[in-house]
Amino acid sequence: MLPPDFYQSPTLTLARSLIGKVLVRAHEGRQLKGRIVEVEAYHQDGDRAAHSYSGQTRRNAVMFGPPGFLYVYFIYGMHYCMNVVTEEDGVGAAVLIRALEPLEGIETMRALRGPQIKTRDLTNGPAKCCQAFAIDRKADGWPLNGSQLFLEDSEPLATNPIGTSKRIGITKSTELPWRFYVKDNIFVSKHPQAIL
DNA sequence: GCTACGATGACCT
DNA sequence: GGTCATCGTAGCA
């Protein structure tokens, strides 16, 4: 199966539309907020880097469920990463949240990440986002419009257009231009060659 | 049952 | 630039 069309796939459209949205986490009586500034798309069709590429398992089951839910997985023996499920029931696809711009609850994020962590290092990476937002295995399957986690409507990006590049940290299907980020935003995790 | 490895991050030079 | 901590998962026997 070939990868889906770049401009018509719901997953790729949603990946781009998530850029600039504000993620809100209610944690122990406080609100944590961060603007999404970097994401990557993963899809069962033609994307050998996707966890869903080889079919449904217990770990990736949420990816194959309905859209609008959180898929959280454990990686490298110590980190969690969070994704937004993007396609209809039965299709395994999701968007990885790779970086956030901290907006509110920064001291709580620092308490979760480490007291000496600089603000710009709190959430500039997928596992950092999970740690700063207190997201772990328990959040696998959470709705994205629930009481503990939701997306807030936000102003469209005034300046800073969206950049596109290859994805980071994978060894398969590396050619797919499925990473999206806010150009010139200091909270973006890394800066590979821009494509568009 | 066994084993290789990964959608990472922290720390070092 | 490089090293490595650490373990769940998937694939295979």
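Since the model is a prediction, treat every value here as computed from it, not as a measurement.

## Remarks on the protein's contact with DNA strand C
So, step 1. Close to DNA strand C lie Ser54, Thr57, Arg59, Phe74, Tyr76, Gly77, Met78 and Arg137, which account for all nearby residues.
So, step 2. Atoms of DNA strand C within 4 Å of the protein: sugar and phosphate make up 72%, bases the balance.
So, step 3. The contact in question runs from a sugar or linking oxygen of DNA strand C to an N or O atom on the side chain of arginine 59, over 3.4 Å.
So, step 4. Arginine 137 places a polar side-chain atom, nitrogen or oxygen, 3.3 Å from a phosphate oxygen of DNA strand C.
So, step 5. Per-class residue counts for the surface near DNA strand C are 3 nonpolar, 3 polar and 2 charged.

## Brief notes about the protein's contact with DNA strand B
So, step 1. Around DNA strand B there are 20 residues in total, and Tyr73, His79, Asn83, Arg113 and Ala127 lie nearest to it.
So, step 2. When atoms of DNA strand B within 4 Å of the protein are split into backbone and base, the sugar-phosphate part holds 52%.
So, step 3. Between tyrosine 76 and DNA strand B, the recorded distance is 3.5 Å, taken from a backbone N or O atom to a base nitrogen.
So, step 4. Looking at the surface near DNA strand B, the elements that each hand over two or more residues are strand 3 (70-75), strand 4 (79-85), strand 5 (93-104) and helix 3 (126-132).
So, step 5. For the surface near DNA strand B, the per-class residue count stands at 11 nonpolar, 6 polar and 3 charged.

## Considerations on helix 1 (residues 10-18)
So, step 1. What helix 1 keeps buried is the set Thr11, Leu12, Ala15 and Leu18. When helix 1 is viewed along its axis, its buried side chains cluster within an angular range of 125 degrees and face the same direction.
So, step 2. Considering only its buried residues, helix 1 is in contact with strand 2 (30-43), strand 4, strand 5, strand 6 (149-152) and strand 8 (179-182).
So, step 3. The N-capping residue of helix 1, defined by a side-chain oxygen 3.1 Å from the backbone nitrogen of threonine 11, is serine 9.
So, step 4. One or two residues past the end of helix 1 sits glycine 20, with phi positive at roughly 100 degrees.

## Section: the side chain of serine 173
So, step 1. Turning to its location among the elements, serine 173 is positioned in the loop between strand 7 (162-165) and strand 8.
So, step 2. Contacts of serine 173, omitting those with residues within four sequence positions, involve Gly46, Asp47, Arg48, Ala49 and Arg167.

## A closer look at helix 2 (residues 106-113)
So, step 1. Of the positions making up helix 2, those classed as buried are Thr108, Met109, Arg110 and Arg113.
So, step 2. Contacts made by the buried residues of helix 2 are with strand 1 (22-27), strand 2, strand 5 and helix 3.
So, step 3. Residue glycine 114 follows helix 2 closely and has a positive phi angle near 145 degrees.

Conventions adopted
Residue indices begin from 1 for each chain and proceed along its sequence in written order. By the order in which they are written, chains take letters starting at A while ligands take numbers starting at 1. For a predicted model such as this one, the threshold for reporting local features is a pLDDT of at least 70, and the threshold for listing and counting side-chain atom pairs is 80 or more; totals across whole chains, interfaces and linings nevertheless cover every residue. Where side-chain values are given, they derive from all heavy atoms of the structure, hydrogens and water being excluded. In these notes, residues near a molecule or strand are those with any non-hydrogen atom within 4 Å of it. A 3.5 Å cut-off defines polar contacts: any pair of N or O atoms within that distance qualifies, except that in protein one atom must be a possible hydrogen donor and the other a possible acceptor, and neighbouring residues in sequence count only when both atoms are side-chain atoms. Each residue gets one of three labels, nonpolar for Ala, Val, Leu, Ile, Met, Phe, Trp, Tyr, Cys and Pro, charged for Asp, Glu, Lys and Arg, and polar for the others, Gly among them. Secondary structure elements follow DSSP: runs of H or I of four or more residues count as helices, runs of E of two or more count as strands, with numbering from the N terminus. Note on exposure labels: buried denotes an accessible area under 20% of the residue type's maximum, exposed denotes more than 50%, and partly exposed covers the range between, all computed with a 1.4 Å probe on protein chains only. Relevant arc is that of directions from the helix axis to the C-beta atoms, nothing else. Any two residues whose heavy atoms approach within 4.5 Å at even a single point are treated as in contact.

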